[in-house]
Amino acid sequence: MPIKSLVSDIVHLAARQNAVLFCGNSLAIRYLDTHCPTLPPDSPLVPTFANRGVSGIDGQVSTMIGLAYGSQKP
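Here the structure is a predicted model, which is why all the values come from computation and not from measurement. Within each chain, residues carry numbers counting from 1 in the order of the written sequence. In keeping with the model being predicted, local features are shown solely for residues with a pLDDT of at least 70 and side-chain atom pairs are shown and tallied solely at 80 or more, while totals for entire chains, interfaces and linings include all residues. Calculated side-chain values reflect all of the structure's heavy atoms, with hydrogen atoms and water omitted.

Visitor: How should I be thinking about the packing of helix α1 (residues 3-16) against helix α2 (residues 26-35) in this particular structure?
Guide: Axis angle and axis distance: for two packed helices, these are the angle between their axes and the distance between the axes, and together they describe the pair. Axis lines are fitted to C-alpha atoms, over the contacting stretch for helices. Their N-to-C directions set the angle, which ranges from 0 to 180 degrees. Only runs of H or I of at least four residues qualify as helices and only runs of E of at least two qualify as strands under DSSP, and these elements are numbered from the N terminus. Closest axis-to-axis distance for the α1/α2 pair is 10 Å, and the angle between their directions is 95 degrees. The pairing of α1 with α2 is recorded here as roughly perpendicular in orientation. Every residue of α2 that contacts α1 at Ile 3, Lys 4, Val 7 and Val 11 is listed here: Tyr 31, Leu 32 and His 35. Under the scheme applied here, ten amino acids are nonpolar (Ala, Val, Leu, Ile, Met, Phe, Trp, Tyr, Cys and Pro), four are charged (Asp, Glu, Lys and Arg), and all others, including Gly, are polar. When its residues are assigned to classes, the contact of α1 with α2 shows five nonpolar, one polar and one charged. Between 65 and 115 degrees an angle is taken as roughly perpendicular, under 35 as roughly parallel, over 145 as roughly antiparallel, and anywhere else as oblique. Contacts: residue pairs with any heavy atoms within 4.5 Å of one another.

Written out as C-alpha cells, the structure is:
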C-alpha cells in the first residue's frame, strides 16, 4: 500500500471516529506534512498533535494519555 494512501486512510478513520490524531515521531510527521495537503478539500479536519523536538517513548505515551484523557476522545 502506498504511503500516501495509508496516511489518507488513517486521517479519514480518525475523522469518522471523531478522534484526535497523534504523530509519534519525526517520520510520521513528515508523512503527514507531505501527504495531507493533497487530501480533497472536503476532507474533514482532525485535531492533530505531536511533540516538539526529541522525546522518548515515555514522553510519547504521556502525551497520548493526556490527549485521550483531556479530550475524552479516542
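Additional details are given in the paragraphs that follow.
Visitor: Honestly, α1 in this entry has me stumped. Any pointers?
Guide: The α-helix winds at 3.6 residues per turn, so residues separated by three or four positions along the chain end up facing the same way. In this scheme, a helix's expected span is set at 1.5 Å multiplied by one less than its residue total. Here α1 spans 20 Å end to end across 14 residues, near enough to the 20 Å set by a 1.5 Å rise per residue. Remark: exposure states derive from per-residue accessible area (1.4 Å probe, protein chains only) relative to the maximum for the residue type, with buried under 20%, exposed over 50%, and partly exposed in between. When we look at burial in α1, the residues that qualify are Val 7, Ser 8, Val 11 and Ala 14. Relative to the axis of α1, the buried residues are bounded by an arc of 125 degrees and lie together on one face. Here the buried face of α1 lies against β1 (21-23) and α2. Two residues or fewer past α1, Asn 18 is found with a positive phi of approximately 50 degrees. It is the directions from the helix axis to the C-beta atoms that the arc portrays.

Visitor: Which parts of the structure should I look at to understand the nonpolar core?
Guide: One recurring pattern in soluble globular proteins: nonpolar side chains tend to sit buried together. What we call a nonpolar core is a set of buried Ala, Val, Leu, Ile, Met, Phe, Trp, Tyr and Cys residues that are connected through their side-chain atoms within 4.5 Å. In terms of nonpolar packing, the biggest core is built from eight residues, these being Val 7, Val 11, Ala 14, Ala 19, Leu 21, Cys 23, Leu 32 and Val 46. Of all the secondary-structure elements, those providing two or more residues to this core are α1 and β1. Among the elements that take part in this core, α1 stands out by supplying three residues, more than any other. With near-sequence residues (within four places) excluded, Val 46 lies in contact with Val 11, Ala 14, Ala 15, Ala 19 and Leu 21.

Visitor: I would appreciate a short explanation of helix α3 (residues 57-71) in the present structure.
Guide: With 15 residues, α3 extends 21 Å from end C-alpha to end C-alpha; this agrees with the ideal 21 Å at 1.5 Å per step. Positive phi appears at Gln 72, one or two residues downstream of α3, with a value of about 55 degrees.

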